[in-house]
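# Residue-level structural notes
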Amino acid sequence: MHAGLLRPDNEPSPAFEEARQVVSECANLPDLKTENADVALVFSYDALWLFEAHPQGASWSYSDLCFRWYSQLRQLGLNIDIVAPGDDLTAYKLVVVPSLPHVDPKTMEALKRTDAVVLFGPRTGSKTANLQIPENLAPGPIQELVPVKIIQSESLSPIVNEAVSFKGKEYEGLQWLDYVETDLPALAQRKTGEGVYFGEGRYRLLCTVPDKRFLGDIFAELLFEAEIEFHPLGNDVRSRIKGGCTYHMNYGPEALPEQFGTLLKEKDVAFGSENFGPAEVVAQLKKV
């Protein structure tokens, strides 16, 4: 049987009390104005369609790649703005581009004008507007920002991962691998010594798909460089800052009193229980 706020017999449905609770909680909140985040993720529908036509590997998925980058940043307690190629990036401190096969002049200008730290993922700049390989090879115009030349690429089988070293730790590169010519020192390299991560000034380029730990440590380093405060939240909790209020949401199946017990006892909490149960929202009236 389907019901809205009231059942067919005009008695309250379970949603009625939930709606009443939301109205009561909203009365204690400040103006929920939207502000720019410190971090922008560049998403392109053209890239999505191009990669659907030219995946070059059965495991390659642009939408999955973007979601993993977004999810990793959200696990650090960050607000993320999703922007299109060519949008103004001057308001951001960190810009991440999971992949962007065709980089047009407007997008290049936006990337040059921003003072943000910028991270490019694999296959960025690998195609022209006519889906050809750039004459100067990939990453095409991005070579102006990170002077590397990709001379060969290969897709990796789901059962083949590439061992990678970054700052003394071991990780894995997945799905994709670029072979590079450059005079830049590698920030991360394979066991053969060949680089998979390079940087010049504020710009960084990944030449493989990093595993979860590798991507998380790269983001942590770039956030520190960009002077962005972050708070690791784990798999099940997400936070959102809006209008001077921070909302914590528990998407997991278990209560998390240990993680937020102290927080919920503070006087600036608008609503939320010390138990911080499944599907519960906690609102703080100041940023954390």
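In what follows, the structure referred to is the one given above.
Presented here is a report on the structure given in the accompanying data block.

### Concerning the packing of helix α3 (residues 62-74) against helix α5 (residues 212-225)
At a minimum axis distance of 10 Å, the contact between α3 and α5 shows a crossing angle of 55°. It follows that α3 is oblique to α5 by the angle criterion. The crossing of α3 and α5 is right-handed. Contact residues: Arg68, Trp69, Gln72 and Leu73 in α3; Lys212, Leu215, Gly216 and Phe219 in α5.

### A short note on empty space enclosed by the protein
Applying the stated criterion to the full structure yields one cavity of 30 Å³ or more. By volume, the largest cavity is sized at about 30 Å³. Residue lining of the largest cavity: Val42, Ala84, Pro85, Gly86, Asp87, Leu89, Thr107, Ala110 and Leu111, and that is the complete set. For the lining of the largest cavity, the leading source of residues is helix α4 (residues 105-113), giving three residues.

### A closer look at helix α2 (residues 45-53)
The α-helix advances 3.6 residues per turn, and as a result positions three or four apart in sequence lie on the same side. Those residues of α2 that fall on the buried side of the exposure criterion are Ala47, Leu48, Leu50 and Phe51. Where α2 is buried, its residues contact α3. Sitting at the head of α2, Ser44 places a side-chain oxygen 3.2 Å from the backbone nitrogen of Asp46.

### Looking at the nonpolar core
Here is a general trend for soluble globular proteins: nonpolar side chains tend to be buried in one another's company. Counting 40 residues, the largest nonpolar core has Trp69 and Leu119 as the members making the most contacts within it. Here this core gets six residues from one element, more than from any other, and that element is α5. Those residues in contact with Leu119, other than ones at most four positions away along the chain, are Trp69, Val95, Val96, Val97, Tyr197, Arg204, Leu206, Ile218, Phe219 and Leu222.

### Notes on the packing of aromatic side chains
Counted according to the given criterion, the structure contains twelve aromatic pairs. Consider the rings of Tyr45 and Trp49, whose centres lie 6.1 Å apart with planes at 35°: the pair is tilted. Of this pair, Tyr45 and Trp49 both sit in helix α2, four residues apart, roughly one helical turn. Geometrically, the ring pair formed by Phe166 and Phe214 is tilted, given 5.5 Å between the ring centres and 50° between the ring planes. Taken as a pair, Phe166 in strand β6 (residues 162-166) and Phe214 in helix α5 lie far apart in primary sequence, 48 residues in all.

### Observations regarding the pairing of strand β4 (residues 117-120)
A regular strand carries its side chains on alternate faces of the sheet. Of the two faces of β4, both are covered, the one formed by Val117 and Leu119 as well as the one formed by Val118 and Phe120. Taken together, the four bridges between strand β3 (residues 94-97) and β4 define a ladder with parallel strand orientation. By the bridge assignment for β4, Leu94 is matched with Val117. Between the parallel elements β3 and β4, the chain passes through α4 in a crossover that is right-handed. With three bridges connecting them, β4 and strand β10 (residues 203-206) associate as parallel partners. When the bridges of β10 are listed, Val118 appears paired with Tyr203.

### Topic: the layout of surface pockets
Approximately 300 Å³ is the volume found for the second largest pocket. Around the second largest pocket, the lining is made up of 14 residues, and of these Ser126, Ile133, Ala138, Ser153 and Trp176 lie nearest the centre. Tallying contributions element by element places strand β5 (residues 149-155) first for the lining of the second largest pocket, with four residues.

### Quick notes on the environment of Ser153
Secondary-structure assignment places Ser153 in strand β5. As a C-alpha pair, Ser153 and Asp178 span 25 residues in sequence and 4.4 Å in three-dimensional space. Apart from residues lying up to four places away in sequence, Ser153 is in contact with Trp176, Leu177, Asp178 and Tyr179. Engagement of the side chain of Ser153 in a polar contact is seen with the side chain of Asp178, the distance being 2.5 Å.

Definitions and cut-offs
- Residues numbered from 1 in each chain as written.
- Predicted model: local features only at pLDDT ≥ 70, side-chain atom pairs only at ≥ 80, totals over all residues.
- Heavy atoms only, no water.
- Axes fitted to C-alpha atoms, helices over the stretch in contact; angles between N-to-C directions.
- Helix = DSSP H or I, 4+ residues; strand = E, 2+ residues; numbered from the N terminus.
- Parallel < 35°, antiparallel > 145°, perpendicular 65-115°, else oblique.
- Left-handed = near helix turned anticlockwise from the far one by under 90°.
- Contact = heavy atoms within 4.5 Å.
- 1 Å grid on protein atoms, 1.4 Å probe; cavity = no way out; pocket = protein on both sides within 12 Å on 5 of 7 lines; lining within 4 Å.
- Points joined across faces, edges and corners; volume = space filled by probe spheres on them.
- Buried < 20%, exposed > 50% of the residue type's maximum accessible area, 1.4 Å probe, protein only.
- Polar contact = N/O pair within 3.5 Å; in protein donor to acceptor, adjacent residues only side chain to side chain.
- Core = buried A, V, L, I, M, F, W, Y, C linked by side-chain atoms within 4.5 Å.
- Phe/Tyr/Trp six-rings, centres within 6.5 Å; stacked < 30°, edge-to-face > 60°.
- Pairing = 2+ DSSP bridges.
- Right-handed = clockwise from strand over helix to strand, strands pointing away.

Nothing here speaks to function; it is geometry throughout.
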